[in-house]
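# Residue-level structural notes
Each chain, written out:
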Amino acid sequence: MTKFIVIDKASALTPEALSFLKDYDQRFFPTPWDEKSWEQVFDSASERFILLADEGFALFDINGADSFAHLLKILINPDKRGAGLGKALLSEAIEILKSRGIKTFFLEVEENNDSAIGLYQRAGFKIIHKKKHFYSNGSTALIMTLSV
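Residues numbered from 1 in each chain as written. Predicted model: local features only at pLDDT ≥ 70, side-chain atom pairs only at ≥ 80, totals over all residues. Heavy atoms only, no water.

So, about the overall build of the protein. For the protein, the count of helices and strands is 4 helices and 7 strands. The helix and strand sequence of the protein, counted from the amino end, reads β-α-α-β-β-β-α-β-α-β-β. Whereas a compact globule of 148 residues would reach a radius of gyration of roughly 15 Å, the protein reaches 15 Å, a difference of no more than 12%. Every one of the 148 residues in the protein was classed for burial, and the buried ones make up 42%. Looking at the protein alone, contacts between residues at least 24 apart form 56% of all its contacts between residues at least 6 apart. Approximately 8,400 Å² of the protein is accessible, and the part contributed by carbon and sulfur atoms is 50%. Averaging the locations of the 18 positively and 20 negatively charged side chains of the protein gives two centres separated by 6 Å. (Helix = DSSP H or I, 4+ residues; strand = E, 2+ residues; numbered from the N terminus. Rg over C-alpha atoms; globule rule 2.2 N^0.38 Å. Buried < 20%, exposed > 50% of the residue type's maximum accessible area, 1.4 Å probe, protein only. Contact = heavy atoms within 4.5 Å. Areas by Shrake-Rupley, 256 points an atom, 1.4 Å probe, with all protein chains shown as cover. Lys, Arg positive; Asp, Glu negative; His and termini not counted. Charge placed at Lys NZ, Arg CZ, Asp CG, Glu CD.)

In structure tokens:
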């Protein structure tokens, strides 16, 4: 069974946890954030929700007033993919956030990322829009949403 750690606020984020997030992002994400992007995520007035696992994480931007959550990143160590950790991480995060009043989830995913799109669709997300040249590499994003 996977052990999850919930981090509700940027102030609760330890230097070790932040180092883990940045390291995983740099090592395993196709378009990792730069240092400035990471600083902006945790310096903004927005609420953040992070669910950590031993081999991955999910990072959300929360708007409690409007009852929605934006999945900013979900990342699993490539050596651990295919074992259900992504599904477990996403499901656990959605359940926790639902219990806190979140009713709508949305995300952007690269159009050619079939495994991620499949994960999101199996979780109930629907494609609602395509945004061309969304990513810094010029690729198209699919905008997906889930209402609970």
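If you check helix α3 (residues 85-99), its first and last C-alpha atoms are 21 Å apart, about what 15 residues at 1.5 Å a residue would give, namely 21 Å. By the burial criterion, the buried members of α3 are L85, G86, L89, L90, A93, I94, I96 and L97. Along α3, the residues classed as buried sweep out an arc of 165° about the axis, all on the same side. Exposed residues on α3 whose side chains face more than 90 degrees from its buried face are K87 and S99. At the exit of α3 stands G101, carrying a positive phi of roughly 95°. (Expected span 1.5 Å × (residues − 1). Arc of directions from axis to C-beta.)

Summarising the element assignment, L13 is placed in the loop between β1 (5-7) and α1 (15-28). You can call L13 buried: its relative accessible area is 14%. When the C-alpha atoms of L13 and I50 are compared, they prove to be 8.9 Å apart, with 37 residues separating the residues in sequence. Discounting residues that sit within four places of it in the chain, L13 has contacts with I7, L18, L21, F42 and I50.

Let us look at the layout of surface pockets. Put simply, the largest pocket is a space of about 970 Å³. Taken together, 34 residues make up the lining of the largest pocket; nearest its centre are F29, I74, N113, A116 and Y120. Of all the elements in the fold, those that place two or more residues in the lining of the largest pocket are β4 (68-76), α3, β5 (104-110) and α4 (114-122). Top element by residues in the lining of the largest pocket is β4. It accounts for 7 residues. A per-class count over the lining of the largest pocket returns 19 nonpolar, 9 polar and 6 charged. (1 Å grid on protein atoms, 1.4 Å probe; cavity = no way out; pocket = protein on both sides within 12 Å on 5 of 7 lines; lining within 4 Å. Points joined across faces, edges and corners; volume = space filled by probe spheres on them. Nonpolar A, V, L, I, M, F, W, Y, C, P; charged D, E, K, R; others polar.)

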